[in-house]
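Breakdown of the fold
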Amino acid sequence: MKEKMIIDRKHAIVLMRIFKLPFSVKYHSHAVAKIALSIASKIKETELDLNLIEVGALLHDIGRSQTHGFNHGIEGGKILKKYGYPNELVRICETHILGGLDKVDAKKVGLPEKDYLPLTLEEKIVCLADKYMKGTKEVTIEERFRTWFLKYGRTELLLKSRRRIKKIKEEIEMLY
Ligand SMILES: [Fe+2]
């Protein structure tokens, strides 16, 4: 059996450099990692993969080295897949957009018709932590979505996504 590739934060930081992530995205990713670990530290009852959460948060936007569109999640996943990184990391990239995208949403934004929903706690924590950061500024979910509403309008897709991320937040906070 192929051994699972374990990567640590140093490795993730090197990858961010190799893929020439813009400074603002790197800074954002470090901030998301900090929040994600802080959320994880409050969860007492369940075993979590803290390394996966940290490395996943650091690399969740690696696809922004290629594009800033809705497809940056998938593009990030492709990069990691191409270089043989574990599927858990690929999934974190693919599922962090908004509150995750179901296949209807995916089609609407021009992605392959497939669910990109955070399912594991690690995926949900990174997705949620990302919603608490607007660039490098810590915000509430309401504030985060307000910016998107201003940019794209109060679309069904955004409203659905906000409901989904709020549900994820509740689910995670139940574990505190
Ligand atoms: Fe992102």
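Residues numbered from 1 in each chain as written. Predicted model: local features only at pLDDT ≥ 70, side-chain atom pairs only at ≥ 80, totals over all residues. Heavy atoms only, no water.

A large share of helix α7 (residues 121-131) lies buried, amounting to 11 of its 11 residues. Taken together, the buried positions of α7 are occupied by L121, E122, E123, K124, I125, V126, C127, L128, A129, D130 and K131. (Buried < 20%, exposed > 50% of the residue type's maximum accessible area, 1.4 Å probe, protein only. Helix = DSSP H or I, 4+ residues; strand = E, 2+ residues; numbered from the N terminus.)

Let us now look at the coordination of the iron ion. D61 (OD), H72 (NE2) and H96 (NE2) make up the full set of protein donors to the iron ion, lying at 2.0 to 2.2 Å. Along the chain, the residues donating to the iron ion fall in the pattern D-x10-H-x23-H. You can see D61 sitting in the loop between α3 (50-59) and α4 (72-82) and its partner H72 sitting in helix α4, a full 11 residues away along the chain. (Donors = N, O, S within 2.8 Å, 3.2 Å for Na, K, Ca; no water.)

To describe two helices that pack against each other, one gives the angle between their axes and the distance between the axes. Relative orientation of the contacting elements helix α2 (residues 23-42) and α3 amounts to 155°, with a least axis distance of 7 Å. In this view, α2 runs roughly antiparallel relative to α3, as classed from their interaxial angle. Seen from above, α2 lies across α3 with right-handed handedness. Of the residues in α3, those in contact with S29, H30, V32, A33, A36, L37 and A40 of α2 are L50, I53, E54, A57 and L58. Classifying every residue of the contact of α2 with α3 gives 9 nonpolar, 2 polar and 1 charged. (Axes fitted to C-alpha atoms, helices over the stretch in contact; angles between N-to-C directions. Parallel < 35°, antiparallel > 145°, perpendicular 65-115°, else oblique. Left-handed = near helix turned anticlockwise from the far one by under 90°. Contact = heavy atoms within 4.5 Å. Nonpolar A, V, L, I, M, F, W, Y, C, P; charged D, E, K, R; others polar.)

For the structure shown, the criterion picks out 15 salt bridges. For K160, the salt bridge is made with D102, and the minimal N-O distance between the two is 3.0 Å. Of the two residues, K160 sits in helix α9 (residues 156-173) while D102 sits in the loop between α5 (87-94) and α6 (103-108), which places them 58 residues apart along the sequence. Here K160 and D102 have matching classes, each one buried. Salt-bridge contacts for K124 lead to E171; the nearest nitrogen and oxygen are separated by 2.8 Å. Here E171 lies in helix α9 and K124 lies in helix α7, a separation of 47 residues in the sequence. Classification of K124 as buried rests on a relative accessible area of 11%. (Salt bridge = Lys/Arg side-chain N within 4 Å of Asp/Glu carboxyl O.)

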